[in-house]
Amino acid sequence: MTAQRVGAWLAESWAVTALTGAGVSTDSGIPDFRGPDGVWTRDPQAARLSTLQAYVEDPALRRLAWQRRREHPAWSAVPNAGHRALVELERAGRLLAIVTQNIDGLHQRAGSSPERVIEIHGTMYEVECLGCGGRTTMREVLDRVAAGEPDPACRDCGGILKSATISFGQAMDGASLRAAIDAAAGCDLLLAIGTSLTVHPAAALVEVAAGSGARVVIVNASPTPYDDLADAVLREPIGEVLPALVQLVGT
Ligand code: ZN
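Below, the structure is looked at part by part. Fair warning: this is a prediction, and the values are worked out from it, not measured in the lab.

Calculation rules
Residues numbered from 1 in each chain as written. Predicted model: local features only at pLDDT ≥ 70, side-chain atom pairs only at ≥ 80, totals over all residues. Heavy atoms only, no water. Pairing = 2+ DSSP bridges. Helix = DSSP H or I, 4+ residues; strand = E, 2+ residues; numbered from the N terminus. Axes fitted to C-alpha atoms, helices over the stretch in contact; angles between N-to-C directions. Contact = heavy atoms within 4.5 Å. Donors = N, O, S within 2.8 Å, 3.2 Å for Na, K, Ca; no water. Tetrahedral: all angles 85-135°; square planar, octahedral: opposite > 155°, others 65-115°. Buried < 20%, exposed > 50% of the residue type's maximum accessible area, 1.4 Å probe, protein only.

### So, the sheet that holds strand β8 (residues 215–219)
So, step 1. With parallel pairing, the 6 strands of this open sheet are ordered in space as β3-β2-β1-β7-β8-β9. Because the sheet does not close on itself, it has two edges, and the strands there are β3 (117–119) and β9 (232–234). Geometrically, the sheet is characterised by an average inter-axis angle of 15 degrees between neighbouring strands, direction not taken into account.
So, step 2. Of the pairings in the sheet, the one linking strand β1 (residues 16–20) to strand β7 (residues 189–193) comprises 5 bridges and is parallel in character. Paired with T17 across the bridge in β7 is L190.
So, step 3. Where helix α5 (residues 81–91) meets the sheet, it contacts β1, β2 (95–100) and β7, and its direction lies at approximately 150 degrees from that of β2.

Written as C-alpha coordinates, this is what we have:
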(Lines give C-alpha, C1' and ligand atoms only; values in the text may rest on other atoms or scores of the structure.)
Protein backbone atom coordinates (compact mmCIF):
# COMPACT_ATOMS: atom_id res chain seq x y z
CA MET A 1 0.00 0.00 0.00
CA THR A 2 1.59 3.20 -1.17
CA ALA A 3 -0.48 5.31 1.22
CA GLN A 4 0.75 3.25 4.21
CA ARG A 5 4.34 3.79 3.15
CA VAL A 6 3.81 7.53 2.68
CA GLY A 7 2.12 7.67 6.09
CA ALA A 8 5.22 6.10 7.62
CA TRP A 9 7.40 8.69 5.90
CA LEU A 10 5.17 11.49 7.22
CA ALA A 11 5.44 10.03 10.72
CA GLU A 12 9.23 10.40 10.63
CA SER A 13 9.17 13.90 9.07
CA TRP A 14 9.40 17.05 11.17
CA ALA A 15 9.55 19.67 8.44
CA VAL A 16 6.93 18.98 5.79
CA THR A 17 6.34 21.55 3.10
CA ALA A 18 3.00 21.27 1.32
CA LEU A 19 2.83 22.68 -2.20
CA THR A 20 -0.84 23.10 -3.01
CA GLY A 21 -2.70 23.85 -6.23
CA ALA A 22 -6.25 24.22 -7.47
CA GLY A 23 -7.04 20.56 -6.84
CA VAL A 24 -7.11 21.25 -3.10
CA SER A 25 -9.96 23.74 -3.50
CA THR A 26 -12.16 21.96 -6.06
CA ASP A 27 -13.93 20.07 -3.23
CA SER A 28 -14.85 23.53 -1.90
CA GLY A 29 -16.57 24.36 -5.19
CA ILE A 30 -13.80 26.46 -6.70
CA PRO A 31 -13.08 25.24 -10.23
CA ASP A 32 -9.50 24.63 -11.31
CA PHE A 33 -8.04 26.14 -14.47
CA ARG A 34 -6.38 23.40 -16.47
CA GLY A 35 -8.27 20.25 -15.47
CA PRO A 36 -10.83 18.60 -17.75
CA ASP A 37 -13.56 20.77 -16.21
CA GLY A 38 -11.27 23.75 -15.77
CA VAL A 39 -12.10 27.38 -16.42
CA TRP A 40 -9.54 27.76 -19.19
CA THR A 41 -10.33 24.39 -20.74
CA ARG A 42 -14.00 25.28 -21.15
CA ASP A 43 -13.52 28.96 -22.01
CA PRO A 44 -10.13 29.95 -23.46
CA GLN A 45 -11.26 33.60 -23.52
CA ALA A 46 -11.35 33.53 -19.70
CA ALA A 47 -7.56 33.43 -19.73
CA ARG A 48 -7.59 36.98 -21.11
CA LEU A 49 -9.02 38.14 -17.79
CA SER A 50 -5.83 36.93 -16.16
CA THR A 51 -3.46 38.49 -18.68
CA LEU A 52 -1.88 41.73 -17.49
CA GLN A 53 -1.51 43.44 -20.86
CA ALA A 54 -5.12 42.80 -21.88
CA TYR A 55 -6.31 43.99 -18.47
CA VAL A 56 -4.37 47.25 -18.72
CA GLU A 57 -5.38 47.98 -22.32
CA ASP A 58 -9.06 47.02 -22.28
CA PRO A 59 -11.48 48.90 -19.96
CA ALA A 60 -14.35 46.61 -20.99
CA LEU A 61 -12.30 43.61 -19.87
CA ARG A 62 -11.66 45.32 -16.51
CA ARG A 63 -15.37 45.93 -16.00
CA LEU A 64 -15.99 42.26 -16.73
CA ALA A 65 -13.17 41.30 -14.34
CA TRP A 66 -14.74 43.27 -11.48
CA GLN A 67 -18.08 41.55 -12.08
CA ARG A 68 -16.36 38.15 -12.05
CA ARG A 69 -14.62 39.06 -8.80
CA ARG A 70 -17.95 39.97 -7.21
CA GLU A 71 -19.35 36.58 -8.24
CA HIS A 72 -16.26 34.52 -7.36
CA PRO A 73 -17.19 31.20 -5.73
CA ALA A 74 -14.46 31.69 -3.11
CA TRP A 75 -16.54 34.25 -1.18
CA SER A 76 -19.05 31.60 -0.19
CA ALA A 77 -16.70 28.60 -0.21
CA VAL A 78 -15.76 26.76 2.97
CA PRO A 79 -12.53 24.82 3.59
CA ASN A 80 -12.69 21.08 2.96
CA ALA A 81 -11.16 17.92 4.45
CA GLY A 82 -7.91 18.46 2.52
CA HIS A 83 -7.42 21.94 4.02
CA ARG A 84 -8.27 20.63 7.48
CA ALA A 85 -5.76 17.77 7.18
CA LEU A 86 -2.97 20.30 6.69
CA VAL A 87 -4.16 22.15 9.81
CA GLU A 88 -3.85 18.85 11.71
CA LEU A 89 -0.36 18.33 10.30
CA GLU A 90 0.65 21.74 11.65
CA ARG A 91 -0.89 20.98 15.07
CA ALA A 92 1.14 17.76 15.12
CA GLY A 93 4.25 19.93 14.80
CA ARG A 94 5.21 18.52 11.42
CA LEU A 95 4.52 21.41 9.06
CA LEU A 96 7.25 23.79 7.91
CA ALA A 97 5.15 25.72 5.38
CA ILE A 98 2.30 25.64 2.91
CA VAL A 99 3.32 27.07 -0.45
CA THR A 100 0.11 27.60 -2.36
CA GLN A 101 -0.74 28.54 -5.92
CA ASN A 102 -4.28 29.25 -4.74
CA ILE A 103 -5.53 32.78 -4.17
CA ASP A 104 -8.68 31.81 -2.26
CA GLY A 105 -7.39 32.10 1.32
CA LEU A 106 -8.96 28.75 2.27
CA HIS A 107 -5.85 27.42 4.04
CA GLN A 108 -5.95 30.33 6.48
CA ARG A 109 -9.72 30.10 6.88
CA ALA A 110 -9.33 26.38 7.69
CA GLY A 111 -7.00 27.37 10.54
CA SER A 112 -3.49 27.15 9.10
CA SER A 113 -1.24 29.84 10.61
CA PRO A 114 -1.05 32.77 8.15
CA GLU A 115 2.70 33.08 8.75
CA ARG A 116 3.18 29.53 7.46
CA VAL A 117 1.14 30.07 4.28
CA ILE A 118 3.12 31.42 1.33
CA GLU A 119 0.81 32.62 -1.43
CA ILE A 120 3.07 32.63 -4.47
CA HIS A 121 0.26 33.72 -6.80
CA GLY A 122 -1.01 36.41 -4.43
CA THR A 123 -4.39 36.82 -2.77
CA MET A 124 -7.83 37.79 -3.99
CA TYR A 125 -8.56 39.40 -0.61
CA GLU A 126 -6.49 42.43 -1.50
CA VAL A 127 -6.36 44.91 -4.37
CA GLU A 128 -3.20 46.48 -5.74
CA CYS A 129 -2.81 49.70 -7.71
CA LEU A 130 -0.81 49.12 -10.89
CA GLY A 131 0.26 52.78 -10.75
CA CYS A 132 1.52 53.44 -7.22
CA GLY A 133 1.57 49.92 -5.79
CA GLY A 134 -0.78 50.92 -2.99
CA ARG A 135 -2.90 48.20 -1.42
CA THR A 136 -6.45 48.11 -0.16
CA THR A 137 -8.94 45.40 0.72
CA MET A 138 -10.96 43.65 -1.95
CA ARG A 139 -14.07 44.25 0.16
CA GLU A 140 -13.62 48.00 0.01
CA VAL A 141 -13.20 48.04 -3.76
CA LEU A 142 -16.05 45.60 -4.42
CA ASP A 143 -18.25 47.91 -2.33
CA ARG A 144 -17.35 50.71 -4.77
CA VAL A 145 -18.24 48.44 -7.71
CA ALA A 146 -21.57 47.62 -6.07
CA ALA A 147 -22.16 51.33 -5.50
CA GLY A 148 -21.92 52.04 -9.22
CA GLU A 149 -18.22 52.33 -10.16
CA PRO A 150 -17.77 49.61 -12.80
CA ASP A 151 -13.96 50.04 -12.97
CA PRO A 152 -12.80 51.84 -9.80
CA ALA A 153 -9.55 53.79 -10.00
CA CYS A 154 -6.93 54.25 -7.26
CA ARG A 155 -8.01 57.00 -4.87
CA ASP A 156 -4.39 58.11 -4.39
CA CYS A 157 -3.05 58.26 -7.95
CA GLY A 158 -5.94 57.46 -10.31
CA GLY A 159 -4.17 54.30 -11.45
CA ILE A 160 -5.73 51.01 -12.55
CA LEU A 161 -6.71 48.68 -9.70
CA LYS A 162 -6.40 44.90 -9.92
CA SER A 163 -6.75 42.02 -7.49
CA ALA A 164 -3.40 41.39 -5.75
CA THR A 165 -2.88 38.18 -7.69
CA ILE A 166 -0.22 37.30 -10.23
CA SER A 167 -1.53 37.57 -13.79
CA PHE A 168 0.15 36.19 -16.90
CA GLY A 169 2.87 38.61 -17.88
CA GLN A 170 3.26 39.91 -14.34
CA ALA A 171 6.36 39.45 -12.18
CA MET A 172 6.05 37.39 -9.04
CA ASP A 173 6.58 38.90 -5.62
CA GLY A 174 10.27 38.47 -4.80
CA ALA A 175 9.82 37.97 -1.05
CA SER A 176 7.18 35.26 -1.55
CA LEU A 177 9.35 33.53 -4.11
CA ARG A 178 12.36 33.49 -1.78
CA ALA A 179 10.23 32.19 1.09
CA ALA A 180 8.91 29.43 -1.16
CA ILE A 181 12.39 28.38 -2.24
CA ASP A 182 13.53 28.36 1.41
CA ALA A 183 10.51 26.21 2.32
CA ALA A 184 11.34 23.75 -0.47
CA ALA A 185 15.06 23.65 0.33
CA GLY A 186 14.49 23.33 4.07
CA CYS A 187 11.88 20.57 4.18
CA ASP A 188 12.47 16.86 4.71
CA LEU A 189 9.34 15.92 2.79
CA LEU A 190 7.61 17.84 0.01
CA LEU A 191 3.95 17.05 -0.40
CA ALA A 192 2.71 18.36 -3.76
CA ILE A 193 -1.08 18.30 -3.60
CA GLY A 194 -3.59 19.03 -6.34
CA THR A 195 -1.19 20.79 -8.65
CA SER A 196 -0.43 19.83 -12.23
CA LEU A 197 3.18 21.03 -11.67
CA THR A 198 3.21 22.65 -15.09
CA VAL A 199 3.56 26.27 -13.97
CA HIS A 200 6.94 27.63 -12.95
CA PRO A 201 8.30 28.47 -10.44
CA ALA A 202 5.94 26.24 -8.44
CA ALA A 203 7.05 23.25 -10.46
CA ALA A 204 10.72 24.05 -9.96
CA LEU A 205 10.19 23.85 -6.19
CA VAL A 206 9.88 20.07 -6.59
CA GLU A 207 13.39 20.00 -8.03
CA VAL A 208 14.68 22.25 -5.25
CA ALA A 209 13.26 19.92 -2.59
CA ALA A 210 14.52 16.76 -4.27
CA GLY A 211 17.92 18.36 -4.83
CA SER A 212 18.11 19.15 -1.12
CA GLY A 213 17.50 15.51 -0.22
CA ALA A 214 13.82 15.73 0.71
CA ARG A 215 11.37 12.98 -0.11
CA VAL A 216 8.84 14.05 -2.74
CA VAL A 217 5.25 12.81 -2.64
CA ILE A 218 2.75 13.86 -5.30
CA VAL A 219 -0.99 13.68 -4.63
CA ASN A 220 -2.80 14.52 -7.86
CA ALA A 221 -5.60 13.00 -9.90
CA SER A 222 -3.73 13.21 -13.20
CA PRO A 223 -0.07 12.63 -14.14
CA THR A 224 2.48 15.43 -13.66
CA PRO A 225 5.87 15.99 -15.34
CA TYR A 226 7.52 15.13 -11.99
CA ASP A 227 5.93 11.74 -11.30
CA ASP A 228 9.16 9.93 -12.25
CA LEU A 229 11.17 12.07 -9.85
CA ALA A 230 8.75 11.53 -6.96
CA ASP A 231 9.29 8.90 -4.27
CA ALA A 232 5.57 8.18 -4.35
CA VAL A 233 2.54 9.25 -6.39
CA LEU A 234 -0.99 9.00 -5.01
CA ARG A 235 -3.99 9.31 -7.33
CA GLU A 236 -6.75 9.00 -4.72
CA PRO A 237 -9.10 11.95 -4.04
CA ILE A 238 -7.32 14.55 -1.92
CA GLY A 239 -10.19 14.86 0.56
CA GLU A 240 -9.86 11.15 1.36
CA VAL A 241 -6.16 10.40 1.13
CA LEU A 242 -4.82 13.46 2.95
CA PRO A 243 -6.81 12.99 6.18
CA ALA A 244 -5.91 9.27 6.10
CA LEU A 245 -2.20 10.09 5.75
CA VAL A 246 -2.25 12.66 8.55
CA GLN A 247 -4.04 10.21 10.83
CA LEU A 248 -1.07 7.86 10.45
CA VAL A 249 1.25 10.56 11.82
CA GLY A 250 -0.03 10.69 15.39
CA THR A 251 1.14 13.48 17.62
ZN1 ZN B 1 -2.34 54.30 -7.04
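### Some details on the coordination of the zinc ion
So, step 1. The zinc ion binds to the protein through C129 (SG), C132 (SG), C154 (SG) and C157 (SG); the donor distances cover 2.3 Å.
So, step 2. Each of the 4 donor atoms bound to the zinc ion contributes to angles spanning 98 to 117 degrees, and the resulting shape is tetrahedral.
So, step 3. Spacing between the donor residues of the zinc ion along their common chain follows C-x2-C-x21-C-x2-C.
So, step 4. Of the residues examined, C154 reaches a relative accessible area of 10% and is grouped as buried.
So, step 5. Since its relative accessible area comes to 42%, C157 is described here as partly exposed.

### Structural notes on the pairing of β2
Working note: regular strand, side chains alternate between the two faces of the sheet.
So, step 1. Here β2 lies mainly inside the structure; 5 of its 6 residues are buried.
So, step 2. Where β1 meets β2, 5 bridges bridge the pair, whose relative direction is parallel. In the strand pairing of β2, A18 is matched with I98.
So, step 3. Pairing between β2 and β3: 3 bridges, direction parallel. Bridged to T100 within β3 is E119.

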